[in-house]
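One-letter residues, chain by chain:
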Amino acid sequence: MASPHTSFLEATVEATADGILVVDRRGRVAFANERFRALWDLPPSVIDADEGTLVTTMLAQVEDPHAFRAELLEHEAVPERQSKELVRLRDGRVLERQSRPQRVGGHVVGRVWTYRDVSDRERLLRRTLLLSDCTRLLASLDIEAALRGVAELTVRSLAEACAIDLLFEKRPKRVASISRDPRRSFTPRVHERVLGGSATMYEVDGSSYISVPFPSKDGIVGAMTLRALIGRRFLAEDLDGAKELGRRAGLSIENATLYRRAQEAVAARDEFLSIASHEIRGPVAALHLAAQMLRRGMVRPESRDKAFAIIEREDRRLARFVDELLDITRIRSGALVFSFSPVDLGEIVRAAAARLEPELARSGSHLSLFAEEPVRGQWDAFRLDQVVTNLIANAIKFGLGRPIDVRVTNLNDHARLIVQDRGLGIPPEARERIFTPFARGVSARHYGGLGLGLYIVKTIIEGLSGEVRVESPSSTGTRFVIELPKTPRPR
Amino acid sequence: MISPVMLVEDDEDIREVVAMALTDLGYNVVTAVDGVDALRQMRGGLRPSLVLLDMMMPRMDGEAFVGAMRQHPDLVETPVLLMSGHQKVHQIAQALHLTALVKPVGLDELRNTVTRLVGPPG
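Predicted model only: the values in this text are computed from it and were never measured. (Residues numbered from 1 in each chain as written. Chains lettered and ligands numbered in written order. Predicted model: local features only at pLDDT ≥ 70, side-chain atom pairs only at ≥ 80, totals over all residues. Heavy atoms only, no water.)

## Let's talk about the overall build of chain B
Test applied: Secondary structure counts use DSSP, requiring at least four H or I residues in a row for a helix and at least two E residues in a row for a strand, with both numbered from the N terminus. Any residue under 20% of the maximum accessible area for its type is buried, any over 50% is exposed, and the rest in between are partly exposed; the area is computed with a 1.4 Å probe on protein chains only. Note on contacts: a residue pair qualifies if any of its non-hydrogen atoms lie within 4.5 Å across the two residues. Only the protein chains shown count as cover for residues, and the accessible areas themselves come from Shrake-Rupley with a 1.4 Å probe.
On a plain count of helices and strands, chain B comes out with five helices and five strands. In chain B, the succession of α and β elements from N to C terminus is β-α-β-α-β-α-β-α-β-α. Taken over 122 residues, chain B has a buried fraction of 53%. Relative to all contacts within chain B whose residues are 6 or more apart in sequence, the contacts with residues 24 or more apart total 60%. A total accessible area of about 5,200 Å² is found for chain B, and carbon and sulfur atoms account for 51% of it.

Right, here's the structure in full:
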């Protein structure tokens, strides 16, 4: 029968959560508790066998057998040595190993090894570190570079491979794909469920996968797909970690997008100011010189009319710019109001064409007007005149001096206005853009103007419940078509 | 006959009024509506003493025109005076080693600059 002292010791070593192994100085196993066998999944026979068999069984389970063996040899060579380190197993578990010499009467007679399973703690630590490292990367506004960094960290920390996509209207654009083994490329498709906004864990050909969305206010803006280390399965907590990473990536993409939009808005404003100042300086230059010359009596009598005509024309040009800028302010503040009265569209077109006669003559373009009998509707005469004037002025400006046709057609419940030139034309990719403010179909280096005319046209026509579209019927020329209901629909 | 001052400007009003001013100051002035027109006249043998040049023109802008003009051995040294409302006209002029005036230009400024570049009207 065991003494109380011995039974107390036995009960203690069996009750502890640590695996305990005691070896003598010759390397023979003196003692091993049940927990030790369980941690290393050892049959009793291995414990009873020589140390070589035990070590071989353990080496087969550790991630780095070379380092494991080197450490054992070091402990053997220095009997006084005490140590504490982590041992990573191939199945993903992490054990904390402590070792100290066993002494009897001041002499080292053997060594005690203890092993404790710290997998949960290590996983948590690793996930926290990964998350904090990724968050630091994601603070960058260069979002693609940041996501490449995230993929690298993720592969280093918990996955065999990682692919990251940005989503543009549900179409993925891969920005990173990294594999631990560079010979194994990683080209997974973004999982359907992720496109729908849910994170998912799945298996393909025996490999474990996780795929998570990057959510943002604008919907799903990206996705990350991970493949587990060979022979391992992802756990629910890995999915949680990946989801959190996805949330942070989504937030970061959102920030970067907001920043980019703000930058674009500032750039558009700067370009507009630069163009506007250029456009205003032109007429002012002509006015300034003409006025100075008249005042100094430098203009010969036969040129006086010419000088005054220049002053009048440039004055009108400046007034038009000011009107356009005021209109933009009105449109932006929602203060563009219409006053409806019976209007004949044909008459408006005739009046506008007559007013633009000097510009037409100077450009060399001839304008042919085809207008049916009165085409009347409830419209705003002033605003409609603005539309017609803008379209004809554009045709003159980009018409290369070739003929311009303007056609007014009376249809049942609506009128149609067509303004067609045979000039530069508008490339298909610019046809949407020309109706947005500050945009232009041609380079500002070559053609002046504020880039507001067609935006104002579209806003007015829509205010009159109509629609405007642009067609380039052949390789040369542009045709603007306006459909205008005779009675505007209440908005 | 002293060689003329050439004015390249697509805006008709500015072209007219600047030509009027230079003529009145006593210079012989020829005009071109843009870079393409100016090059055509130069190919026809025109050798101006000075080119007054707008920057922003259809078909061929000022920068492209200067490049094309400098290809001709007779026109490598011809002084060019940029006149533009563009905010960056001085930067552009510096890059092309040219003189620049920012629109709107006063009469005195115009006369002084032209006189400095080609001398008083003969």
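## Some thoughts on the interface of chain A and chain B
Interfaces are often described in size by the accessible area the parts lose on coming together. Operational definition: Buried area is a sum: the accessible area each of two parts loses on coming together, probed at 1.4 Å, counted once for each and added. Take a side-chain nitrogen of Lys or Arg and a carboxyl oxygen of Asp or Glu: if they are within 4 Å of each other, that pair is a salt bridge. Pairs of N or O atoms within 3.5 Å make up the polar contacts considered here, provided that, within protein, one atom can donate a hydrogen while the other can accept it, and that residues adjacent in sequence are counted only when both atoms are side-chain atoms.
Opposite the 31 residues of chain A that make contact, chain B presents 31 residues. Interface area for chain A against chain B, summed over the two sides, is near 2,700 Å², with a carbon-plus-sulfur share of 58%. Scanning the region where chain A abuts chain B turns up five salt bridges. Measuring nitrogen to oxygen at the nearest pair gives 2.4 Å for the salt bridge that ties D13(B) to R313(A). Taken together, the connections running from chain A to chain B amount to seven residue pairs in polar contact (both at pLDDT 80 or more). Listed by contribution, the elements that provide at least two residues to the side of chain A that touches chain B are α9 (236-295) and α10 (304-333) of chain A.

## Focus: the packing of aromatic side chains
For any pair of aromatic rings, the description consists of the separation of the ring centres together with the inter-plane angle of the planes. Residues and elements named next belong to chain A. What counts here: When two rings of Phe, Tyr or Trp (its six-membered ring) have centres within 6.5 Å they constitute a pair, described as stacked for plane angles under 30 degrees, edge-to-face for angles over 60, and tilted for the intermediate range. Distance and angle both matter: a charge sits over a ring if NZ of Lys or CZ of Arg is within 6 Å of the ring centre and within 35 degrees of the ring normal.
Across all of its chains, the model carries seven aromatic pairs over all chains by this definition. On the basis of an interplanar angle of 45° and a centroid distance of 5.8 Å, the ring pair of F36 and Y115 is categorised as tilted. Here Y115 lies in strand β5 (residues 107-117) and F36 lies in helix α2 (residues 34-40), a separation of 79 residues in the sequence. Both residues of the pair, F36 and Y115, count as buried. Between W40 and Y115 the ring centres are 5.3 Å apart and the planes differ by 85°, which places this aromatic pair in the edge-to-face class. With W40 in helix α2 and Y115 in strand β5, this residue pair connects regions lying 75 residues apart in the sequence. Exposure remark for W40: the relative accessible area of 0% places this residue in the buried category. Put simply, the rings of F36, W40, F68 and Y115 pair up and form one aromatic cluster. One residue, R407, lies across the ring of F370, its end atom 4.3 Å from the ring centre. The ring of F435 has K458 sitting right over it, with the charged end atom 5.7 Å from the ring centre.

## Considering the environment of P403(A)
Residues and elements named next belong to chain A. Looking at the secondary structure, you find P403 in the loop between α13 (381-398) and β14 (404-410). Overall, P403 belongs to the partly exposed group, its relative accessible area being 39%. Sequence-wise, P403 and G423 are 20 residues apart; in three dimensions their C-alpha atoms are separated by 8.8 Å. Aside from chain neighbours lying at most four places away, what touches P403 is H366, Q420, D421 and R422.

## Considering the confidence of the model for chain B
Our working definition: Confidence of the predictor in every single residue is expressed as pLDDT, which spans 0 to 100.
Per-residue pLDDT for chain B averages 90, and the proportion of residues at 70 or more is 99%. Confidence metrics for the complex model read pTM 0.59 and ipTM 0.89.

## Some words on empty space enclosed by the protein
The gaps of empty space that remain are located by a probe, the size of a water molecule, rolled over the atoms. All names here are of chain A. Selection criterion: Computed over the protein atoms alone on a 1 Å grid, cavities are sets of points where a 1.4 Å probe fits but cannot get out and pockets are open sets with protein on both sides within 12 Å along at least five of seven lines; a residue lines them when it has an atom within 4 Å of a point. Grid points are joined across faces, edges and corners, and a volume is the space filled by probe spheres set on the points. In the scheme used here, Gly and all other residues not listed as nonpolar or charged are polar, with Ala, Val, Leu, Ile, Met, Phe, Trp, Tyr, Cys and Pro taken as nonpolar and Asp, Glu, Lys and Arg as charged.
Per the counting criterion, the structure on display carries three cavities of 30 Å³ or more. Its volume calculated, the largest cavity comes out at about 50 Å³. Broken down by element, the residue count for the lining of the largest cavity peaks at four residues, all from α9. When grouped by side-chain class, the residues that make up the lining of the largest cavity number six nonpolar, two polar and two charged.

## Some details on helix α11 (residues 345-355) of chain A
All names here are of chain A. Applied cut-off: Think of the arc as the fan of directions from the helix axis to the C-beta atoms.
For α11, every residue scored as buried is listed here: L345, G346, I348, V349, A352 and A353. What you see down the axis of α11 is that its buried residues fit within an arc of 160°, all on one side. Among the exposed residues of α11, those oriented more than 90 degrees off its buried face are E347 and A354. The N-cap of α11, judged by a side-chain oxygen 2.9 Å from the amide nitrogen of G346 a few residues on, is D344.

## Thoughts on the pairing of strand β4 (residues 80-84) of chain B
Residues and elements named next belong to chain B. In plain terms, the rule: Pairs of strands are assigned from DSSP output, requiring at least two bridges between the strands. Clockwise travel from the first strand over the helix to the second, with the strands pointing away from the viewer, marks a crossover as right-handed.
By the criterion of burial, β4 is predominantly enclosed, with five of the five residues buried. With burial as the criterion, each face of β4 is covered, one bearing V80, L82 and S84 and the other bearing L81 and M83. Here strand β3 (residues 50-53) runs beside β4; their pairing, made up of three bridges, is parallel. Among the inter-strand pairings, L53 is bridged to a residue of β4, identified as L82. Read as a crossover between parallel neighbours, the route from β3 over helix α3 (residues 62-69) to β4 is right-handed.

## Examining the nonpolar core
Residues and elements named next belong to chain A. Applicable threshold: The set of buried Ala, Val, Leu, Ile, Met, Phe, Trp, Tyr and Cys residues whose side-chain atoms join them within 4.5 Å is what this entry labels a nonpolar core.
Among the nonpolar cores identified, the biggest contains 50 residues, and L345, L391, L417, F480 and I482 are the most heavily contacted of them. The contact partners of I482, leaving out residues within four places of it in the chain, are V387, L391, A415, R416, L417, V457, I461, E467 and V468. If you look at the next biggest cluster of nonpolar residues, it comprises 33 residues, including I143, A151, L226 and A256.

## What about unusual backbone geometry?
Omega for the peptide link from K103(B) to P104(B) comes to 0°, which places this bond in the cis form. One can find P104(B) in the loop between β5 (99-102) and α5 (107-118). One non-glycine residue, D41(A), adopts positive backbone phi at about 55°. Looking at the element boundaries, D41(A) is found in the loop between α2 and α3 (44-48).

## Focus on the sheet that holds β5(B)
All names here are of chain B. Put simply, the rule is: Note on definitions: angles span 0 to 180 degrees between N-to-C directions of axes, and those axes are lines fitted to C-alpha atoms, for helices only across the stretch in contact.
What the five strands build is an open sheet, ordered β2-β1-β3-β4-β5; its pairing is parallel. Taken across any chain shown, the strands that pair with only one partner, and hence form the sheet edges, are β2 (29-32) and β5. Neighbour-to-neighbour, the strand axes of the sheet open up by a mean angle of 20°, direction not taken into account. Sheet strands touched by α3: β3 and β4. Its angle to β3, the strand with the most contacts, is close to 160°. Each of β3, β4 and β5 touches α5; the most contacted strand, β5, lies at about 175° to it.

## Details of the packing of α9(A) against helix α1 (residues 12-25) of chain B
The criterion, for reference: Any angle between 65 and 115 degrees counts as roughly perpendicular, while under 35 counts as roughly parallel, over 145 as roughly antiparallel, and the rest as oblique. Throughout, a crossing is termed right-handed when the near helix is turned clockwise from the far one, and left-handed when it is turned anticlockwise from it by less than a right angle.
α1(B) packs onto α9(A) with a crossing angle of 30° between their chain directions and a minimal axis gap of 9 Å. Considering the angle they form, α9(A) stands roughly parallel to α1(B). Viewed along their axes, α9(A) and α1(B) form a crossing whose handedness is left-handed. In contact with G282(A), A286(A), L289(A), A290(A) and M293(A) of α9(A), α1(B) contributes D13(B), I14(B), V17(B), V18(B), M20(B) and A21(B). Tallied by class, residues from the contact of α9(A) with α1(B) come to nine nonpolar, one polar and one charged.

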